[in-house]
Each structure stands twice: as structure tokens, then as C-alpha cells.
Amino acid sequence: AVDQDQSTVLEVLATRRAGFTNDIKLSVEGFSAGREPITKSLDVKEFILKTNELSAKLPLKARLDSELGTRPVIVRAEATNDGQTFVLYTRPVPLTVTPIPFVLSTSSPKYSVAMGGEAKLTIKAERRAGFAGEIALTFENLPKGVQVEPVKIAKGAGDAALTLTASTNAVLGTNFSFTILGAGLHNDRNFKHRTGALKLSVTAPPMETAATNAVPSPQPK
């Protein structure tokens, strides 16, 4: 079983006949209510069992919009021996994908804040499967001197207005990248979802012009 946007592992065991030491190529097939390829719902990769290896752990990651429910997956094994290609399949393995209870997104992929200033950021929560709990937020890889408040989405709320604050000694830069990790408790289980990378620029404070009543100095002729 695996939640949307999460990973699991299929462990495969190979029994080699005496004297057979060639590579075995493993791939995963199946999982669909229709005829779509497995990659519509799952991220899968081929794996090679090298000479004399007998086991492999094949990672499967359910996409964020993966089909829900239980479907079969099958591991396909292909190898050559004495110039002949052999293909074998495992028995079907039932894989159940369950919905992730919330998905986070932001109002924009890019933000800019001046030293000593503030910028607004709205984070949205798409709630699923009846989830109405609080979502705690963690901000990853923010540059030195930049903070965010508040750090949660309230119970039942669909979004939260956050404030990015840069101190007067914040590090300047135009290519910072950070992510937001949300965590919530649903049906006695902890769930997490991370946004994509968000871009951030920290700029110098705006120039201030001092007012004066002094008579301008005469310009040289």
C-alpha cells in the first residue's frame, strides 16, 4: 500500500539455474483501470540484476494524481542465454493507492523581499478525504535573515496569508530557492506534502532622499 505522492518498494527474488550468471533486466507493468501505461499513475524505473545477484528492491512512487484503489502490478524479467532471449513474469501483486489528505500550493512561484522589509505569500491547501485538521508548515532552505510567520494553516482553513520578513542583515541574492513542507494528522496517521521549489530574491533597501531647506550650492560656470 502507498499514499499518493509517496513511495514503496517491491522486493524481487531471482532463482538462477546452475551456470547462469548473465544480467536480468527487471521492469514493472500493470496498475490501471483502463489501458493507460503504468507511468500515468506510478513512477517506475528499470533495474538490472548483475552477474550472480539474486535480489532487487524496485522503487515505486505513486504520482500526486495517481489512480486510487487496488490494482495489480507485475514484474517482468528479461535475460539472454546462449543467444536466446527469455522473458518471465511474476505473479500479480495487488498494490493499493490511497489519497493523500492535503496538497499544498502557493500564489506564485517567485517572491522578492527587500532588506528590512516584508513580502506577502499565500499558501493554499487542497483538502481531501474529509481532512480538516491543522497543517504545520516548515520552511526549508530560506536564506539567512529571512523568516516567515505564521507557520500553520488553521483547522478547516483552505489557505493562510504568510509574511516573509528580511532583517537588515539578511544575505542579498537573486537566486535563492526554498520549499514549504506541510504536516498534518489524519485518521491517526501523519501525512506530509512538500511544494515545488519557490524562487526568492533578497534585495537592497530602497534609497531614501533626505529633505533639506538649504540653498543649493552654485554650480561652476
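Structure first, text after, so check above.
Everything numeric here is computed off the predicted structure, so don't read it as measured data.

Participant: So what's going on with the pairing of strand β17 (residues 173-186)? Residues and values would help.
Facilitator: With 5 bridges joining them, strand β13 (residues 135-140) and β17 adopt antiparallel strand pairing. Bridging from a neighbouring strand, L137 pairs with G182 of β17. With 4 bridges connecting them, β17 and strand β19 (residues 198-203) associate as antiparallel partners. Pairing of S177 across the sheet is with K199, part of β19. The pairing of β17 with strand β18 (residues 189-194) spans 6 bridges and is classified as antiparallel. In the sheet register, L181 faces β18, and the bridge partner there is R194.

Participant: Which residues make up the environment of G158, and what are the values?
Facilitator: Note that G158 resides in the loop between β15 (152-153) and β16 (159-166). Separated by 145 residues in the primary sequence, G158 and L13 place their C-alpha atoms 46 Å from one another. Residues contacting G158, with those up to four places away along its chain left out, are I123, K124 and A125.

Reading the values: rules and limits
- Residues numbered from 1 in each chain as written.
- Predicted model: local features only at pLDDT ≥ 70, side-chain atom pairs only at ≥ 80, totals over all residues.
- Heavy atoms only, no water.
- Pairing = 2+ DSSP bridges.
- Helix = DSSP H or I, 4+ residues; strand = E, 2+ residues; numbered from the N terminus.
- Contact = heavy atoms within 4.5 Å.

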